[in-house]
Every structure is written in C-alpha cells, then in structure tokens.
Amino acid sequence: MRMMRTLADFLRCTRGERAMDAANSHDSPARPPRPTGGTRGPRPRPGRATAHRAWIALMCGAAIAIPAMAAAAPGSVSTVVISAATFPQALTQTLPTVSVITRVQIEQSGVKNLTTLLQRVAGVQITSNGGPGHTATTYLEGFGGTDAGVLVLLDGVPITAEDASGGGDYLENLTTDQIERIEVIHGNVSAIYGSGAIGGVILITTREGGPKPRADLSVTAGSRNTVTVSANASGQIHHTRLQIGVSRFTTAGIPSINPAQSALVTSNRSDGYHNLTVNGSIVQEFGRHEQLGARAFLSDGRYSYDNQSAGGSTKESLFQLFSDNRIGSIWTSYLSLSRQRTGNINLGSYPAIYHSTHLDVLWRNVVQLSEDWTLTGGATYQHQSVTSAEQGNIPSASRNVFAIFAGLNGSFAGNEIQLNVRHDQFGGYASTKNTFYAGYGRQLGYGFKAIASYSSAFNVPPLGYLYYNNPYWAANPLLKPESAHTVQAALQWAGSPVVVRATLFQTTGSNMWGFGATPNGLTQFQNIARTRTRGLEISGRGNWRRWSYDVNVTVQHPIALSEPGHPTLQRMATRMANVSIDYDFGRVTTGLLAHYSGPSPDLAYSPTFVATPVTLGGFTTVSLTADGPIGRNFRWSARIENLFDKQYETAYSYNSMPFGVFVGLTWSPFGL
C-alpha cells in the first residue's frame, strides 16, 4: 500500500503533455519544415483526467502485483539480450533497461507494420500521419522527431536518413515478416552506439537461417482490401546456413487527412500503400567459433495521397559482409562491412528526390577476462552522404565519421558494474564528441536488485539539416550537435520466469534543435532549445500456468526549459500504458492487447501556416488475437484491430486506423 500511495503521489505531480516533432512529412504535399515548438494546450476535462489516472493506476497495480503471481509459475530459461553491452547477457543481468520482442511474439501479434508493433514497448510513443506506410515518428523517453533522438539499427547498421525529413528513419516502410527480433534500450547509450542514442536505441535483427530446415508460406487478408503474402525458407547444407524470404503487403488504406481539420487537402479518398520486402543470408561455418557470412535486405514501399498529384516511394536496402572469429581462448572478434541506402521520392508542391547512403565498417571485440569480468572495445568508420538528384534543395554532401569505443562489465560480492566510453570524430564538420556510461547494480537478496546509472549522449545533425534550402527555409551549416545527460535509478525483481522493473529517469538536453528565424525572415534550424524529461517506467512480463503477460506503464513530463512557463513538448503524451495477455487453451491461443495514451498538445495550422494550440484527446485501443494449428502442417490466425472502433489522433488533422478484421493461414511443409 505504501508503494501504491507513493506512485499515486508521483502521478499527481507529473501531469502534462508533450512532444517536439518535425512536421515535414512525406504524407502531405511536400513543403518546407514548419515551426513546431512546444506549446501547452487546454487541460482535459476533470472527469476524463480522473479516468485516465485511474487507468494508469490500475496498470501500475498490475505490474507491481506480478511478483505475487510468480510463486506458482514454472521455471524457464532467461531471455538473453546482446544490445545492453554488445555481448550476450541474461535480461535480468543488464543494467540498462531493455525490452525484447521475439519472432514468436511478432507472429502471435499478427501485426504487419513495425511502428504498430513498437507501440507496445514501454516508453515508446508513435505519432502517425495516416495509415500504413505514411510518416510515423518514434519517441522514446521524451526524445525523437525533430531532434532525431532515437537511434535505429538494422542488423547493427544505423538507418537514420541524411535528408531533410526531420532526421527520420522511415520505420513506417518496414514490415514485420522478415524481422526475427527487436531489442529496445531505454535511455542514453551514446557511449555504446554513438550519435542519436539520447532517448534510446531500437535494434532490429532480420531473419537468418538455422541448422534445421524450415519453410513456410502464409497469406493474410482483411479489412480495407489488405493482403499480405509471405514466404520463407532456411536450412543448413553441411556447414553452410542459408535463408531467403519475401513478403508482399498491400492495402487500400484510409484517408490520411481529415478535411474538416485541414485546408491542405480537400479530398477524402483512401491512401493506399504497397510494400515488397526481400531478405536473404548465407553463413559459412569454418569451425565452432569461426564463420563468414553475407546478408541482403530490400524494402520497396509505395504510398498514395489524397491529392492525386502527390504520393511517392521509399526504398531501403542493406548489403552486409561479416565475420565472427575466435582469437585465442578468451578473445572473440566481429568484423562487418555494410552499405545501407535510403531513397525517398516525394511528389507534391515541392518535389523531392533524396538518397542517403551509409558505408560502414565495424570492428568489435569481446575479451573474457575472467568468469565475472568482460572487456569490450573496437572501432567504426562510416561514410555518410546525401544527394537530391537536383530536386529537394540539398546539394550533394558527405562526411566521414570515425569512432573508437571500450567497455568493462563485471561483478563482485553482489555488486555489478558497467563502464563505457566512446570518442567520435566527424570529418568536414568540426565536431568531436566524447561520451560515457557508468552503471552500478547491487543485489539486495530475495530476487531484488537496485540499479543506478549516469551517462552522456549527443546527436549530430543530418546533412540535410545543415544544407537544406528553399524559398522559405535557410540552411545552417553552423548548427551544433545536441548534448544530453541522463540519470536513472531502477529497482528490479526477478523470479523465473517473471521480471519486473521500475525505472526513474531524467534526461536534460542542451543545444537542442529548434525552429528559429534568420534576419530576413526565413525559417532555420538553430540551437535554441533546452529540454528536460522526468519520468517513471514500470514493466513486468512472465508466465503463470497457461497465462503469459506483458504489462508496462510510463508516466513522464517532457518540457521545454527554454520557453516561458516550461510548456510540455508538442505531441508528447505524459501517460502511456500497455497490457498484453495471452491464454493457451491447448489447441488455440488467444490474446488481448490494450494500449492507452494520454492527452497531448499539438498545433493546428491555417493555410498560411499560422499555428493555433490544440489538445489531442487521450485514447485506449483494444486488439484481440487468436491462432492455432490445423493438423501438422497448417496454422490459422485471426486478429481484430481497434475492437471498439475508437477515433483518435496522434497528430492533429491526421486520421488513425479504425476497426479491422484480419485472418491468415500458414503452411509449413516441415511441420509446425
């Protein structure tokens, strides 16, 4: 009861809404970025606010009560993650907070859009400018959008675009059929991954072959003429592992913009989306700890828009060569050479054709000093470039990035330590950044562990932020990197197979990018903002008899310190929660996912781009899933999306997905 009273007090003192977001979306007729500084909208009605607080309190109570259910739970093998320290660790041993979405969970969810899937992770907020394939912005612990404060890695390679899209990573262009696993690190880990990792890191791993032969062909169809066809095959021939997968996703979509709220578009026709994704890999094993491999990933998405002259496409590709080697009995080394490319064609009032390319060389080493101590280190080189094919007002530009990094993880007498340092040098852009992470954990007994950390982070502007020009927008080649510092304190309880963690966090940002004006009246990115996010995340997951569950709640207060009154940042909800519950009947598994997001402030723009503060209402959506085998080789699935057809907005004037029903059938010739 004391914990619940403390939590209730915390909820009362952290009311507010948020988010800083660049509204330069490819979902609307292309135009220069609009000023979107944080503003505080009208407060929600007391009755609605009370209901929202009760919803959050209920979720917190569920997360806190989970340990009580663990006594009768069967044991299980602990989840292993790599992201927190760049080598395998049990999830219960990591000092940074990490969330995991496995291939099994992806299949059980039935979700085909990556951004929809990520929304169930604690602290993650997705704002969407329409249906599938249309611009979606990811926020994590109060950072994202214009500040590009969430780093996304695809098979270890950063996919941040270097154009003027708002530092976007085009996650809306990725579907889930060719994804094996997702790990999300919460909070500042630039000392491990470099620029952009202020709010956190999303690590996406594509599917890869295993020793046993596997193959499947699946078809899913449903509302809005949505059809997904996916085929995958993998296996091993002698010492060679092979994998190939292809998926095709099509949908008629929904109208992106509500004409009653926006004068930019007068049509109310649906906006379709088509995506073709191909993924393949080959890995040759030369010994127990020696392998050489190659992988390729291609995603080609094409979207339409209400205005028939608008629309476009986004193409992403990754080609990678890699090797894992053992050097002596305690030293393993990983080397990769990658080429990642993002091409965006955006038609409309300001046509733009952007191509971002990252050539990346990574050398990472792990030295097992003893049973309890591990040393990591290495170096990375990246050549970043952007071209606009003479459309889009970005001259061809490039820069080289070189970094060296090191880390030490260990434990002694119930104490756990993680130390990371990194040095980044950006050529052609006079900037050198040094970052660190210092984490400490203490085993308290009875499954409890206390964790504390302090870290620094930075974010270097994409090339498009430095050199983008048009009649309304001025480039700023003197734009400085953003800087941030994060403090976290966490309490974890682990009792197999249950893990519960509560994390208090504060991140303070300086030199943050904001929309300023030049002396001649042009809009320009400038280092004018200071921000701070304070919050609490509680998450719990595990199994109990035939039940499995994943519950999380986030209460945060992201504010603009550089603005009068310290308003909550634009589009950012201060309260979020997710409840995922599955029950195994034996031949049928059913699931329920409830997602809640509190009110958030936004801006409504007139035809002349005059901004008026508005408040986006809070909302709760519920989805249901079911699946089961048909004989030995077939499996059926069903999903109901937005069960109660809740109408809501995550960005003003942009529609969100309504009620939908989807059914699927999967054939596995080698057996389920």
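Residues numbered from 1 in each chain as written. Predicted model: local features only at pLDDT ≥ 70, side-chain atom pairs only at ≥ 80, totals over all residues. Heavy atoms only, no water.

(A) Region of the structure containing the overall build of the protein chain. In terms of helices and strands, the protein chain carries 6 helices and 34 strands. A total of about 26400 Å² of accessible surface is found on the protein chain, and carbon and sulfur atoms cover 60% of it. (Helix = DSSP H or I, 4+ residues; strand = E, 2+ residues; numbered from the N terminus. Areas by Shrake-Rupley, 256 points an atom, 1.4 Å probe, with all protein chains shown as cover.)

(B) Structural detail: the side chain of Thr 138. Tracing the backbone through its elements, the reader meets Thr 138 in strand S5 (residues 136-140). What makes Thr 138 buried here is its relative accessible area of 6%. (Buried < 20%, exposed > 50% of the residue type's maximum accessible area, 1.4 Å probe, protein only.)

(C) Representation of the pairing of strand S33 (residues 634-641) in the model. Inspection of the sheet shows strand S32 (residues 619-630) paired to S33 by 7 bridges, in the antiparallel sense. Bridge pairing in S33 links Ala 626 to Ala 638. If you look at the hairpin formed by S32 and S33, you'll find 3 residues sitting between the two strands, and Gly 631 has a positive phi there, around 70 degrees. Where S33 and strand S34 (residues 660-667) come together, 8 bridges link them in antiparallel fashion. Of the residues in S34, the one forming a bridge with Phe 634 is Trp 667. (Pairing = 2+ DSSP bridges.)

(D) Looking closely at the sheet that holds strand S4 (residues 124-128). Judged by pairing direction, the sheet is antiparallel, and its 3 strands sit side by side in the order S4-S5-S6 without closing on themselves. Two strands in the sheet have a free side with no partner beyond their single neighbour: S4 and strand S6 (143-144).

(E) Fine view of the nonpolar core. Among the nonpolar cores identified, the biggest contains 25 residues, and Leu 114, Leu 118, Leu 171, Ile 182, Ile 202 and Ile 204 are the most heavily contacted of them. Discounting chain neighbours no more than four positions away, the residues touching Leu 114 are Leu 171, Leu 174, Thr 176, Ile 179, Ile 182 and Ile 204. In this structure, Ile 394, Ala 397, Phe 426 and Tyr 465 belong to the second largest nonpolar core, which totals 19 residues. (Core = buried A, V, L, I, M, F, W, Y, C linked by side-chain atoms within 4.5 Å. Contact = heavy atoms within 4.5 Å.)

(F) Here's a closer look at the side chain of Thr 376. Looking at where Thr 376 falls in the secondary structure, it is placed in strand S19 (residues 373-387). You can call Thr 376 buried: its relative accessible area is 7%. Once residues lying within four places of it in the same chain are set aside, the contact partners of Thr 376 are Ala 85, Thr 86, Phe 87, Asn 365, Val 366, Ala 406 and Gly 407.

(G) Highlighting a nonpolar patch on the surface. A cluster of nonpolar side chains, Leu 321, Ile 327, Ile 330, Trp 331, Leu 335, Leu 337, Val 361, Trp 363, Tyr 381, Phe 402 and Ile 404, forms an exposed patch at the surface whose accessible area comes to about 970 Å². Of all elements in the fold, only strand S16 (311-327), strand S17 (331-347), strand S18 (352-368) and strand S20 (397-412) reach the threshold of two or more residues within the nonpolar patch. In terms of residue count, S17 provides more of the nonpolar patch than any other element does, 3 residues in total. Within the secondary structure, Ile 327 is located in strand S16. By relative accessible area, which is 38% here, Ile 327 ends up partly exposed. (Patch = residues over 30% accessible without salt bridge, like charges linked within 9 Å, V, L, I, M, F, W, Y side chains within 5 Å. Salt bridge = Lys/Arg side-chain N within 4 Å of Asp/Glu carboxyl O.)

(H) Focus on the confidence of the model for the protein chain. On average, residues of the protein chain score 84 in pLDDT, and 85% of them are at 70 or above. Contacts from residues 1-77, a stretch scored under 50 in pLDDT, to residues over four places away or in other chains number 218 contacts. (pLDDT = per-residue confidence, 0-100.)

(I) Inspection of the packing of aromatic side chains at higher detail. With the rule as written, the count across this model stands at 14 aromatic pairs. Consider the rings of Phe 436 and Tyr 454, whose centres lie 5.5 Å apart with planes at 55 degrees: the pair is tilted. Taken together, the positions of Phe 436 in strand S22 (residues 431-445) and Tyr 454 in strand S23 (residues 448-459) put the pair 18 residues apart, joining distant regions of the chain. (Phe/Tyr/Trp six-rings, centres within 6.5 Å; stacked < 30°, edge-to-face > 60°.)

(J) Structural view of the sheet that holds strand S10 (residues 200-206). Taken together, 5 strands build an open sheet; the order of strands is S3-S9-S10-S7-S8 and the sheet is mixed. One side of each edge strand has no neighbouring strand; the edge strands of this open sheet are strand S3 (97-101) and strand S8 (157-158). Sheet analysis places strand S9 (residues 179-186) next to S10, joined by 7 bridges and oriented antiparallel. Counted as the bridge partner of Val 184 is Ile 202 from S10.

(K) A look at unusual backbone geometry. You will see that Thr 86, though not glycine, has its phi angle at about 70 degrees, which is positive. Inspection of the secondary structure puts Thr 86 in the loop between strand S1 (80-81) and strand S2 (89-90). For Thr 86, a relative accessible area of 14% puts it in the buried group. The backbone of Ser 653 sits at a positive phi, close to 80 degrees, despite the residue not being glycine. Ser 653 sits in the buried class, given a relative accessible area of 7%.

(L) Summary view of the environment of Val 98. Tracing the backbone shows Val 98 in strand S3. Take Val 98: its relative accessible area is 10%, and that puts it in the buried class. Placed 88 residues apart in sequence, Val 98 and His 186 show a C-alpha to C-alpha distance of 6.2 Å. Not counting the four nearest positions on each side in its chain, Val 98 is found in contact with Val 81, Ser 83, Ala 84, Leu 91, Glu 183, Val 184, Ile 185 and His 186.

(M) Focus on the environment of Asn 225. Along the polypeptide, Asn 225 turns up in the loop between strand S11 (214-222) and strand S12 (226-237). Every residue in contact with Asn 225, bar those within four places of it in the chain, is listed here: Thr 250, Thr 251 and Ala 252.

(N) Fine view of the environment of Gly 133. Structurally, Gly 133 can be placed in the loop between S4 and S5. For Gly 133, a relative accessible area of 6% puts it in the buried group.

(O) Layout of the pairing of S10. The buried fraction of S10 is high, at 6 of 7 residues. In this structure, strand S7 (residues 150-154) lies alongside S10, joined through 5 bridges in parallel fashion. If you follow Leu 153 over to S10, its bridge partner there is Leu 203.

(P) The pattern of salt bridges, seen in detail. With the rule as written, the count across this model stands at 16 salt bridges. Across the salt bridge formed by Arg 639 and Glu 641, the nearest N and O atoms sit 2.9 Å from each other. The class for Arg 639 is buried, based on a relative accessible area of 9%. A network of salt bridges, in which partner residues are shared, links Asp 155, Glu 208, Arg 241, Glu 285 and Arg 295.

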